[in-house]
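# A closer look at the structure
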Amino acid sequence: MNIHEYQAKEILKSYGVTIQEGVVADTPDKAVEAAKELNRETGTEWYVIKAQIHAGGRGKGKVNETGSNGVVLAKSLDEVGPKAKDILGGTLVTHQTGAEGKKVNKVLIAQDVYYPGESDPKEYYLSILLDRGTGKNVIMASTEGGMDIETVAEETPDKIVKEWIDPAVGLQGFQARKVAFSLGLEGDAFKGMVKFIFALYKAYEATDASQFEINPVLKTSDNKILAVDAKVNIDDNALYRHKDIAELRDLTEEDPLEVEAGKSGLNYVKLDGNVGCMVNGAGLAMATMDIIKLSGGEPANFLDVGGGANAQTVEAGFRIILKDPNVKAILINIFGGIVRCDRVANGVVEAYKNIGDINVPIIVRLQGTNAEEGAKIIEDSGLKVTSAIVLKDAAEKVKEVLS
Ligand code: GDP
Ligand code: MN
């Protein structure tokens, strides 16, 4: 689960990670109030207004309606209201949102931390994630902060240092020092970075996160180390242990069909193709998507209805697939292991009748216990449903209806 920058920073702060302070707001007036509060707390007179959406690249991104960037600097209190107005309610397009962009419902009013001083402010990159290959968490750091890490990885991979953490002993002092040293830091900034890394790692473990990305981490002109940005991803499977974090979920940031599927207990991922598919079991669903591709189609979704597919789950699945306007055909592929094919067939027929008005061809492939009875039920139903028992057959039929 992703959360917003302002939420992520609050969590990090509670674990002792030093952050660029800010106050969130959802109207221009509240943005001004937020700036005043920030001024009282930090003394700052310059403010950064940051669009809160679940995507990066906001600084370079543009708001469709006004042309404003998603992160802008206000050099006085007077500028805060109008600049917040140019972002709030607009559609922000960044290289991570796709062309349709994302609506901005909130802005974070943050203190300007790039103030001049004895040295220039310097941006670094720091992230923690699980390296599935080694089964260890890995800390990645780079002097090339503020840049897209994918670009750094491609063009100058030697500028990314990695430190793997042994889960049995946890993060060791020498490892944090090694990372800070590799960034060329010394004195107070070095000490600050070591502390920062420890606090960040503690937060990562305690929240059951699957990814932390702090880009940039800033060394201020007076050698403080601060998280300026924070991308935090929490492992969905651990959310039951973190009720407070689970509450931070922002459904407006998620695909509405995926949210609806979640409510029906279906495992659904929306894709861009034209063949909807409904399958029981994740492995069979993957194989089905391959078959769809082989027959010249593109899967419109991944949908696993689970082991005990019945009329209700089939109907819920149908409804979700049909809401996707790209769908030109639906392939239902059910293996009757625990569930019998005749029951599934009855479920399909019932769901079809309940929904009514289905204009796309449906191919049902039932295999396993009572497969033939299932096929007969479909054929006798008089509905525009084609039955197939062999998967290759089903693929051929998808090809026919698409051409
Ligand atoms: P992203 O573009 O979505 O990754 O958003 P970030 O939070 O990383 O901010 C983007 C950029 O805004 C940073 O790389 C900085 O260059 C700039 N920025 C962020 N905070 C400040 C600030 O306090 N002062 C100034 N002058 N620039 C800032
Ligand atoms: Mn960033």
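This structure is a prediction, so every number in the text was calculated from the model and none was measured. (Residues numbered from 1 in each chain as written. Chains lettered and ligands numbered in written order. Predicted model: local features only at pLDDT ≥ 70, side-chain atom pairs only at ≥ 80, totals over all residues. Heavy atoms only, no water.)

## Considering the domain arrangement of the protein chain
Along its sequence, the protein chain is carved into domain 1 (21-111), domain 2 (122-246) and domain 3 (256-402). The centre of domain 1, based on its C-alpha atoms, is set 44 Å off from the matching centre of domain 3. (Domains from an automatic or database assignment.)

## Remarks on the packing of helix H11 (residues 341-355) against helix H12 (residues 371-380)
To describe two helices that pack against each other, one gives the angle between their axes and the distance between the axes. Where H11 meets H12, the closest approach of the two axes is 7 Å, and the angle between their N-to-C directions is 20°. Classified by the interaxial angle, the pair formed by H11 and H12 is roughly parallel. Note on packing geometry: the crossing formed by H11 with H12 is right-handed. For the pair H11 and H12, contact is made by Cys341, Asp342, Ala345, Asn346, Val348 and Val349 and by Ala371, Glu373, Gly374, Ile377 and Ile378, respectively. When the residues that make up the contact of H11 with H12 are grouped by side-chain class, the tally is seven nonpolar, two polar and two charged. (Axes fitted to C-alpha atoms, helices over the stretch in contact; angles between N-to-C directions. Helix = DSSP H or I, 4+ residues; strand = E, 2+ residues; numbered from the N terminus. Parallel < 35°, antiparallel > 145°, perpendicular 65-115°, else oblique. Left-handed = near helix turned anticlockwise from the far one by under 90°. Contact = heavy atoms within 4.5 Å. Nonpolar A, V, L, I, M, F, W, Y, C, P; charged D, E, K, R; others polar.)

## Concerning the nonpolar core
Counting 41 residues, the largest nonpolar core has Leu12, Leu126, Ile139, Met193, Phe196, Leu200 and Phe212 as its most contacted members. Residue assignment for this core shows that the elements contributing at least two residues are helix H1 (5-14), strand E8 (122-131), strand E9 (136-142), helix H5 (173-182), helix H6 (187-206), strand E11 (209-219), strand E12 (225-227) and strand E13 (231-234). In terms of residue count, H6 provides more of this core than any other element does, 11 residues in total. Residue contacts for Ile139: discarding those within four places in its chain leaves Leu126, Ser127, Ile128, Val161, Lys162, Glu163, Ile165, Leu171, Val179, Ile197 and Tyr201. Ala261, Tyr268, Ile332 and Ile334 belong to the second-largest nonpolar core, a separate cluster that totals 34 residues. (Core = buried A, V, L, I, M, F, W, Y, C linked by side-chain atoms within 4.5 Å. Buried < 20%, exposed > 50% of the residue type's maximum accessible area, 1.4 Å probe, protein only.)

## A few points about the pattern of salt bridges
According to the stated counting rule, one finds 19 salt bridges in the structure shown. Its salt-bridge partner being Asp222, residue Lys224 comes within 3.1 Å of it at the nearest N-O pair. The salt bridge partner of Lys376 is Asp380, with a shortest N-O separation of 2.8 Å. Placement of both Lys376 and Asp380 in helix H12 is noted, with a separation of four residues, approximately one turn of the helix. It is possible to trace a salt-bridge network through shared partners that takes in Glu5, Lys9, Lys50, Arg58 and Asp229. (Salt bridge = Lys/Arg side-chain N within 4 Å of Asp/Glu carboxyl O.)

## Topic: the packing of aromatic side chains
This structure, assessed with the given rule, holds two aromatic pairs. Taking the centre distance of 6.2 Å and the plane angle of 25° together, the rings of Tyr201 and Tyr204 count as stacked. Of this pair, Tyr201 and Tyr204 are both found in helix H6, three residues apart, which corresponds to roughly one turn of the helix. For Tyr204, a relative accessible area of 3% translates into the label buried. Considering the side-chain rings of Tyr204 and Phe212, the 5.4 Å spacing of their centres and the 90° angle between planes classify their relative orientation as edge-to-face. Neither Tyr204 nor Phe212 differs from the other in exposure class; each is buried. Members of the aromatic cluster, each reached through a chain of ring pairs, are Tyr201, Tyr204 and Phe212. Seen from the ring of Tyr124, Lys122 lies directly overhead, with NZ or CZ sitting 4.9 Å from the centre. (Phe/Tyr/Trp six-rings, centres within 6.5 Å; stacked < 30°, edge-to-face > 60°. Lys NZ or Arg CZ within 6 Å of the ring centre and 35° of its normal.)

## Points about the coordination of the manganese ion (ligand 2)
Ligation of the manganese ion (ligand 2) by protein atoms is provided by Asn215 (O) and Asp229 (OD), these donors lying 2.2 Å from the ion. In this pair, Asn215 sits in strand E11 while Asp229 sits in the loop between E12 and E13, placing the two residues 14 residues apart along the sequence. Both residues of the pair, Asn215 and Asp229, count as buried. (Donors = N, O, S within 2.8 Å, 3.2 Å for Na, K, Ca; no water.)

## Points about the environment of Glu123
Locating Glu123 in the fold gives a position in strand E8. Residues Glu123 and Gly145, spaced 22 residues apart in sequence, show a C-alpha to C-alpha distance of 4.6 Å. A polar contact of 2.5 Å, which involves the side chain of Glu123, links it to the side chain of Tyr114. (Polar contact = N/O pair within 3.5 Å; in protein donor to acceptor, adjacent residues only side chain to side chain.)

## As for the packing of helix H2 (residues 28-42) against helix H3 (residues 77-85)
At a minimum axis separation of 8 Å, H2 and H3 run at an interaxial angle of 145°. Crossing angle aside, the handedness with which H2 passes H3 is right-handed. On H3, the residues touching Pro28, Ala31, Val32, Ala35 and Lys36 of H2 are Leu77, Val80, Gly81, Ala84 and Lys85. Split into classes, the residues belonging to the contact of H2 with H3 amount to seven nonpolar, one polar and two charged.

## Details of the site of ligand 1
Every one of the 17 residues lining ligand 1 counts as a neighbour, but Lys50, Arg58, Gly59, Asp112 and Val113 are closest to it. Contacts to ligand 1 include Val113, whose backbone N or O atom sits 2.9 Å from an oxygen atom. In the complex, the protein chains occlude 79% of the 570 Å² of accessible area that ligand 1 would expose alone. Because more than half of its atoms lie within 2 Å of the grid, ligand 1 is assigned to the largest pocket. Counting residues per element, the ones that place at least two in the shell around ligand 1 are strand E2 (47-51) and E11. Among the residues making up the shell around ligand 1, the classes are represented as six nonpolar, six polar and five charged. For the shell around ligand 1, the two domains that each supply at least three residues are domain 1 (21-111) and domain 2 (122-246). (Near = heavy atom within 4 Å. Areas by Shrake-Rupley, 256 points an atom, 1.4 Å probe, with all protein chains shown as cover. 1 Å grid on protein atoms, 1.4 Å probe; cavity = no way out; pocket = protein on both sides within 12 Å on 5 of 7 lines; lining within 4 Å. Sits in = over half its atoms within 2 Å of the grid points.)

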